[in-house]
Amino acid sequence: MVKKEGSRKTGSIETGVWLRLLSCTNIMSRHLRRNLKDTFALTLPRFDLLAQVARPPLGPSLSELSRKLLVTKGNITDIVARLEAVELIERRRDDADGRIQYVFLTPEGRKLLDDILPVHDKWIKDLMQELSRQELETLYDALGVLKGALKRMDARDDAPELALESEDDEAAPRVTR
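To keep things clear, this report deals only with the structure shown in the data block. Everything numeric here is computed off the predicted structure, so don't read it as measured data.

Before going further, it helps to examine the overall build of the chain. Within the chain one finds six helices and four strands. Of the regular secondary structure in the chain, the N- to C-terminal order runs α-α-α-α-β-β-α-α-β-β. By residue count, 29% of the 177 residues in the chain fall in the buried class. Within the chain, contacts between residues at least 6 apart in sequence are counted, and of these 54% link residues at least 24 apart. Summing over all exposed atoms, the chain offers an accessible surface of approximately 12,500 Å²; the carbon and sulfur share of this is 56%.

In structure tokens form, the structure reads like this:
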């Protein structure tokens, strides 16, 4: 069992959970961002996009990437352009509607992702090494329930999108309209 970090003294349990989730996300993202940059010379947003492009169905459109990564189409276009410039992905226009572009990994992009994924998985395991298998499963299940509830709420609301990448590639996500 992992030792509990301080007790909650004020505020609602919901706010406390939110702050803990945010804190954990920020800490883990900082480690992953640094490791990706130091080991593979790649930013976290670019890795996220490569990983999403590799998931079935292959060849997502820019709009699909925007929706799946919860970022603006402008941000996706910028990240895609940067990855295309270093030949890790390629865009292909739709035969019927030239305005639609699909994104595919190049062989170089596939090789890089194949090299990164097992190392990335180890980094995440290392970050969670103090949690028991039971604690991980409980956390996974509880977060699944929360995610389902939030998705139902999101379907009812017009939530703002998150910006994924800034010019310096290191900024935290920010809310945009």
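Read on for the rest.
Enumeration according to the criterion identifies one aromatic pair in this entry. One Lys or Arg, R92, reaches over the ring of F104 and ends 3.8 Å from the middle of that ring.

Grouped together as the largest cluster of nonpolar side chains are 26 residues, with contacts concentrated most on L42, L49, L50, I76, L83 and I89. By residue number, the principal contributor to this core is helix α2 (residues 44-54), which donates six residues. Setting aside chain neighbours within four positions, we find L83 in contact with L42, R46, L49, L50, L88 and I89.

Because side chains alternate across strand β2 (residues 101-105), one face comprises the buried residues Q101, V103 and L105, and the other comprises Y102 and F104, none of which is buried. Two strands pair when backbone bridges link them, and strand β1 (residues 89-93) and β2 are joined in this way by five bridges, in the antiparallel orientation. Among the inter-strand pairings, E90 is bridged to a residue of β2, identified as F104.

A separate point is the packing of helix α3 (residues 62-69) against helix α4 (residues 73-85). Where α3 meets α4, the axes come as close as 9 Å, and the angle between the chain directions of the two elements is 110 degrees. Taken together, the axes of α3 and α4 lie roughly perpendicular to each other. Judged by the twist between their axes, the crossing of α3 over α4 is right-handed. Taking contact as the criterion, the partners of L62, S63, L65, S66 and L69 in α3 are, on α4, K73, I76, T77 and V80. Class assignment of the residues belonging to the contact of α3 with α4 gives a composition of five nonpolar, three polar and one charged.

Take the packing of α2 against α4 next. Their axes nearest at 10 Å, the elements α2 and α4 cross at an angle of 90 degrees. It follows that α2 is roughly perpendicular to α4 by the angle criterion. From α2, P45, R46, L49 and L50 reach across to α4, where they touch I76, I79, V80, R82 and L83. Per-class residue counts for the contact of α2 with α4 are seven nonpolar, no polar and two charged.

Conventions used here
Residues numbered from 1 in each chain as written. Predicted model: local features only at pLDDT ≥ 70, side-chain atom pairs only at ≥ 80, totals over all residues. Heavy atoms only, no water. Helix = DSSP H or I, 4+ residues; strand = E, 2+ residues; numbered from the N terminus. Buried < 20%, exposed > 50% of the residue type's maximum accessible area, 1.4 Å probe, protein only. Contact = heavy atoms within 4.5 Å. Areas by Shrake-Rupley, 256 points an atom, 1.4 Å probe, with all protein chains shown as cover. Phe/Tyr/Trp six-rings, centres within 6.5 Å; stacked < 30°, edge-to-face > 60°. Lys NZ or Arg CZ within 6 Å of the ring centre and 35° of its normal. Core = buried A, V, L, I, M, F, W, Y, C linked by side-chain atoms within 4.5 Å. Pairing = 2+ DSSP bridges. Axes fitted to C-alpha atoms, helices over the stretch in contact; angles between N-to-C directions. Parallel < 35°, antiparallel > 145°, perpendicular 65-115°, else oblique. Left-handed = near helix turned anticlockwise from the far one by under 90°. Nonpolar A, V, L, I, M, F, W, Y, C, P; charged D, E, K, R; others polar.

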